[in-house]
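# Per-entry structural report
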Amino acid sequence: FTFDLMIKPERAGNDMYVLSHGMDSINLRLGVTPDWHLAAFVGREMVISDEVVDFSDIRHVAYVFDAFEEKLETRITFYNDDRPIGQYTLKGLYEGHQPLYIGSEFKGEMLEARLWNRAMTSGELKSYANKRLTGYELGLLDYYPMSEGRGEYVYDKAPGSNDLYLIGATWKVI
């Protein structure tokens, strides 16, 4: 799967998570470290990008998970725009089945968030990075343009309508 988004995190003294899924030893958290590396926490294992992301402005970043069932491995690739900035292989396959939280432990600006059912390539990330999607793109599970919502909800523009409930968020017109 792929989770890509456009964010500008605040400087903080702790890790911030943009996506949380599962609990206990099989949880998944995707986020940003205090020094602005992208990070993935899978169970008790943590991996971070090789490079720092310059978040002086809103940036398009992606976390790509590619499962290799025959080897029982998962490859995680971090992207800054369409450029890979780190790749790691973890033993085992991630199979979380708990609620999904987006942005619940994040402070900063989030312009857009998208969840795909496949590991996207660099070329696919580039082609969709700065494009307003229709919501019907192949493999798109959830699409949250943060410019479309109301009150405490962000509308899911992909079929299925899994609208996000926001906690402590404020809207900013840009």
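## Notes on the environment of Tyr101
Among the secondary structure elements, Tyr101 is positioned in strand S9 (residues 100–105). Sequence separation between Tyr101 and Gly22 is 79 residues; the distance between their C-alpha atoms is 9.2 Å. Not counting residues within four places of it along the chain, the set of residues in contact with Tyr101 comprises Val18, Leu19 and Ser20.

## A word on the pairing of strand S8 (residues 83–91)
Looking along a regular strand, one sees side chains alternate from face to face of the sheet. The pairing of strand S7 (residues 73–80) with S8 spans 8 bridges and is classified as antiparallel. Paired with Thr77 across the bridge in S8 is Gln87. As consecutive antiparallel partners, S7 and S8 are separated by 2 residues, and within that stretch Asp81 has a phi angle of approximately 60°, a positive value.

## Describing the sheet that holds strand S11 (residues 140–145)
Taken in spatial order, the 6 strands make up an open sheet running S8-S7-S6-S1-S10-S11, and their pairing is antiparallel. In this open sheet, the two edge strands, each paired with only one partner strand, are S8 and S11. In this sheet, adjacent strand axes meet at a mean angle of 15° when their direction is disregarded. In this sheet, strand S6 (residues 59–68) lies alongside strand S1 (residues 2–9) in antiparallel orientation, the contact comprising 6 bridges. Within the sheet, the bridge partner assigned to Met6 lies in S6 and is His60. Relative to S6, helix H1 (residues 122–129) is tilted by about 145°, and along the sheet it contacts S1, S6, S7 and strand S10 (108–116).

## Concerning unusual backbone geometry
Despite not being glycine, Trp36 shows a phi value in the positive range, around 70°. Its location among the elements puts Trp36 in the loop between strand S3 (28–32) and strand S4 (37–42). In this structure, Leu72 takes a positive phi of about 55° despite not being glycine. In this structure, Leu72 sits in the loop between S6 and S7. For Leu72, a relative accessible area of 51% corresponds to the exposed category.

## Overview of the side chain of Thr33
Residue placement: Thr33 occurs in the loop between S3 and S4. What Thr33 contacts, discounting residues up to four positions off in sequence, is Asp15, Ala39, Met46 and Ile48.

## Focus: the sheet that holds S4
Across the sheet, 5 strands lie side by side as S5-S4-S3-S2-S9; this open sheet has antiparallel pairing. Each edge of the open sheet is held by one strand with a lone partner, namely strand S5 (45–52) and S9. Between one strand axis and the next, the sheet turns by 15° as a mean value, whatever way the strands run. When S3 meets S4, the two strands line up antiparallel, connected through 5 bridges. Among the inter-strand pairings, Arg29 is bridged to a residue of S4, identified as Phe41.

## So, the pattern of salt bridges
Under the criterion given, the structure shown has 8 salt bridges. When the shortest N-O distance is used, the salt bridge between Asp4 and Arg114 registers 2.8 Å. Of this pair, Asp4 sits in strand S1 while Arg114 sits in strand S10, placing them 110 residues apart in sequence. As far as burial versus exposure is concerned, Asp4 and Arg114 are alike and both buried. In this structure, the salt-bridge partner of Arg59 is Asp81, at a minimum N-O distance of 2.8 Å. In this pair, Arg59 is assigned in strand S6 and Asp81 in the loop between S7 and S8, connecting sequence segments 22 residues apart. On the basis of relative accessible area, Asp81 is assigned to the partly exposed category, the value being 29%.

Reading the values: the criteria
Residues numbered from 1 in each chain as written. Predicted model: local features only at pLDDT ≥ 70, side-chain atom pairs only at ≥ 80, totals over all residues. Heavy atoms only, no water. Helix = DSSP H or I, 4+ residues; strand = E, 2+ residues; numbered from the N terminus. Contact = heavy atoms within 4.5 Å. Pairing = 2+ DSSP bridges. Axes fitted to C-alpha atoms, helices over the stretch in contact; angles between N-to-C directions. Buried < 20%, exposed > 50% of the residue type's maximum accessible area, 1.4 Å probe, protein only. Salt bridge = Lys/Arg side-chain N within 4 Å of Asp/Glu carboxyl O.

By themselves, these are just geometric observations and shouldn't be taken as functional.
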